[in-house]
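# Secondary and tertiary structure notes
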Amino acid sequence: MARLTNLVSAICIAYVGANRSFTTTGSWGIIQNIPRGGDASYSSVCEDIKSSIVDQATKKIEDLRTQIVDEGTTVDSFGETSDTICNQALEEFIQKAPDAGDDASAAATYDKKLQDLEAALDAPLQVLYLRQLALIREKALEMYRSASRVSETSDYEAMLQSDSQFSSAAEEATREGSDWDYSAERSHLQSIMNDIASTRKKLMDVQMKSSEKQSTAMAFLQQQQQMIQQLQMQLYGQSSPWNVGMAYRVPDTNFNLQGSYQQGRANVQLSCVPDEYAPMLGANGFTNGVGPGNLGLSLNLSV
């Protein structure tokens, strides 16, 4: 209100010497003198001027609405642009409205119309301001997610950067000296970032606990394996690092002899297994000429 009063006072200095009456054309085209008092005629004239100015300013506001609402993009220096629209409208009203003079009732009507004019323009601009704040908040939130995901920046540092970006852009979009406030949107942004950080921390805690459980399980299995090896050493003595396996099939029979030596223990097994591939491989099969007696040998050495 103080800013509005100062603006009105500054502009009205140029109109101190203005006449205290203004003229209007009657129904017969005769110029009539109407006293600039607080009567219904004075209020009607002020209302007509105010409505005309609002219509002109609405076109500019509509251009802003198209960019912010329809296109979903922010307007650079939105606060300065809004101030310009309101100040130009107020200056035009002061230039066109008749002087109230010494009539207290007319002066009250004049001030009320001036306040109504600013309120009529401030309301739709503030709606666009809130929408712009939502767009700025989404940009800051996306910046936070990107910074905390693709870089080594901590969540706290990413929060500070996003909050600083939001505050700077929101301050630029705010009308100077108005009651516009972005603290609610800023608190909402901080709440969302805190929720994301908390969820990410819980996920990391779950992963760490799962990794700890796996490490504990692996340590337990290794301990059990060591205990088994110690028991084997007590029962069978020092085990040998040699592991040897041998298999021999008696030619033209189904008898297969297998032998193995592993960890100091020998095992011999005789089985009767028909060779299903013998008709396809011929009488000697693939073992023809590989060692004496068609003997196959495999060696596995663990150190």
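Everything numeric in this text was worked out from a predicted model, so none of it was measured.

Here we come to the overall build of the protein chain. For the protein chain, the count of helices and strands is 7 helices and 6 strands. Walking the protein chain from its N terminus toward its C terminus, one meets helices and strands in the order α-β-β-α-α-α-α-α-β-β-β-α-β. Split into buried and exposed, the 303 residues of the protein chain put 26% on the buried side. Considering only contacts within the protein chain whose residues lie at least 6 apart along the sequence, 64% involve residues at least 24 apart. When the accessible surface of the protein chain is totalled, it reaches about 20000 Å², and 54% of it is carbon and sulfur.

Summed over the entire model, instances satisfying the criterion amount to 4 aromatic pairs. With a centroid separation of 6.2 Å and 25 degrees between ring planes, the pair formed by F78 and W180 is classed as stacked. Here F78 is found in helix α3 (residues 78-96), whereas its partner W180 is found in the loop between α5 (155-173) and α6 (183-236), with 102 residues between them in sequence. Judged by its relative accessible area of 0%, F78 falls in the buried class. Here a set of aromatic residues connected by ring pairs shows up, and it is made of F78, Y129 and W180.

A separate point is the confidence of the model for the protein chain. When pLDDT is averaged across the protein chain, the result is 76; 73% of the residues are at 70 or more. Averaged over each element, pLDDT in the protein chain is lowest for strand β2 (residues 31-35) (34) and highest for α3 (92). Scored below 50 in pLDDT, residues 1-38 shows 61 contacts in the model against residues more than four places distant or in partner chains.

This next bit is on the nonpolar core. Ranked by size, the top nonpolar core spans 45 residues in total, and within it F78, F93, L117, L125 and Y144 carry the most contacts. Mapped by element, the contributors of at least two residues to this core are α2 (40-70), α3, α4 (104-150), α5 and α6. Element by element, the count of residues in this core is highest for α4, at 15 residues.

What follows is about the side chain of D83. Locating D83 in the fold gives a position in helix α3. Only 3.0 Å separates the side chain of D83 from the side chain of R175, close enough to count as a polar contact.

Scanning the model with the defined rule gives 13 salt bridges in all. Two residues, D70 and R65, come together in a salt bridge whose shortest N-O distance is 3.1 Å. Residue R65 is classed as partly exposed on the basis of its relative accessible area, which comes to 27%. With a shortest N-O distance of 3.0 Å, K112 and D116 are connected by a salt bridge.

Moving on, we come to α3. With 19 residues, α3 ought to run about 27 Å at 1.5 Å a step, and its terminal C-alpha atoms sit 27 Å apart, in line with that. Those residues of α3 lying buried are F78, G79, S82, D83, I85, C86, A89, L90, E92, F93 and I94.

What counts as what
- Residues numbered from 1 in each chain as written.
- Predicted model: local features only at pLDDT ≥ 70, side-chain atom pairs only at ≥ 80, totals over all residues.
- Heavy atoms only, no water.
- Helix = DSSP H or I, 4+ residues; strand = E, 2+ residues; numbered from the N terminus.
- Buried < 20%, exposed > 50% of the residue type's maximum accessible area, 1.4 Å probe, protein only.
- Contact = heavy atoms within 4.5 Å.
- Areas by Shrake-Rupley, 256 points an atom, 1.4 Å probe, with all protein chains shown as cover.
- Phe/Tyr/Trp six-rings, centres within 6.5 Å; stacked < 30°, edge-to-face > 60°.
- pLDDT = per-residue confidence, 0-100.
- Core = buried A, V, L, I, M, F, W, Y, C linked by side-chain atoms within 4.5 Å.
- Polar contact = N/O pair within 3.5 Å; in protein donor to acceptor, adjacent residues only side chain to side chain.
- Salt bridge = Lys/Arg side-chain N within 4 Å of Asp/Glu carboxyl O.
- Expected span 1.5 Å × (residues − 1).

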